[in-house]
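# Coordinate inspection notes
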Amino acid sequence: MNIEQIARICHESNRALCDSIGDHSQTSWDEAPEWQHASSVNTVRFHLDNPEADASASHENWMREKLEDGWRYGETKDANAKTHPWLVPFEQLPPEQQAKDYLLRGIILALAPFVKQ
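Residues numbered from 1 in each chain as written. Predicted model: local features only at pLDDT ≥ 70, side-chain atom pairs only at ≥ 80, totals over all residues. Heavy atoms only, no water.

## Concerning the packing of helix H1 (residues 3–20) against helix H4 (residues 95–111)
For any two helices packed against each other, one specifies the inter-axial angle together with the distance between the axes. Applicable threshold: Only C-alpha atoms enter the line fits that serve as axes; for helices the fit covers just the stretch in contact. Angles between N-to-C directions range over 0 to 180 degrees. Helix and strand assignments come from DSSP, with helices taken as H or I runs of at least 4 residues and strands as E runs of at least 2, each series counted from the N terminus. Each angle receives one of four descriptions, namely roughly parallel if under 35 degrees, roughly antiparallel if over 145, roughly perpendicular if within 65 to 115, and oblique otherwise. Crossing handedness is defined as follows: a turn of the near helix away from the far one that is anticlockwise and smaller than a right angle gives a left-handed crossing, while the clockwise case is right-handed. A contact between two residues is defined here by any heavy atoms of the two lying within 4.5 Å.
For the pair H1 and H4, interaxial distance at closest approach is 10 Å and the crossing angle is 150°. If you check the angle between H1 and H4, you find them roughly antiparallel. Viewed along their axes, H1 and H4 form a crossing whose handedness is right-handed. Of H4, the residues touching H1 (which contributes Ile6, Ile9, Cys10, Ser13, Asn14, Leu17 and Cys18) are Glu96, Ala99, Lys100, Leu103, Leu104, Ile107, Ile108 and Leu111.

## Description of unusual backbone geometry
Applied cut-off: The rule is simple: take the accessible area with a 1.4 Å probe, protein chains only, and divide by the maximum for that residue type; under 20% is buried, over 50% is exposed, in between is partly exposed.
Backbone geometry at Lys82 places phi at a positive 55°, although glycine is not the residue there. For Lys82, the position within the fold is in the loop between strand S1 (72–73) and strand S2 (83–84). The partly exposed category is assigned to Lys82, whose relative accessible area is 28%.

What follows is the structure, encoded as structure tokens:
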């Protein structure tokens with residue numbers, strides 16, 4: 001298993017979680033734009049390199065990536081305008097949004113022993 005395969009699993013798991021809370025905006029991995037692939041790969045690399053990092057550190061890593069790429073807080077997610085409503089501290093996220101970070105961290109750490117670089 002490689003990092004991109006884990007990133008795909010994370011992306012699809014996130015999409016399923018989003019669907020379960022009524023957010024049907026997430027596309028499949030195969031339909032997702034490259035920036036989403038890169039973001040998923042970044043999350044996987046972050047947790048493989050920092051297995052002790054908790055869910056809030058995962059969110060901080062995601063926020064840092066977005067801000068460095070020119071994204072900013074906005075009421076709605078808009079890839080063209082680079083706005084996102086979850087560009088806030090982890091503690092300010094609704095519980096279902098915090099759950100994403102716990103879920104992805106768990107998946108990555110569970111699959112880490114199977115990574116072949």
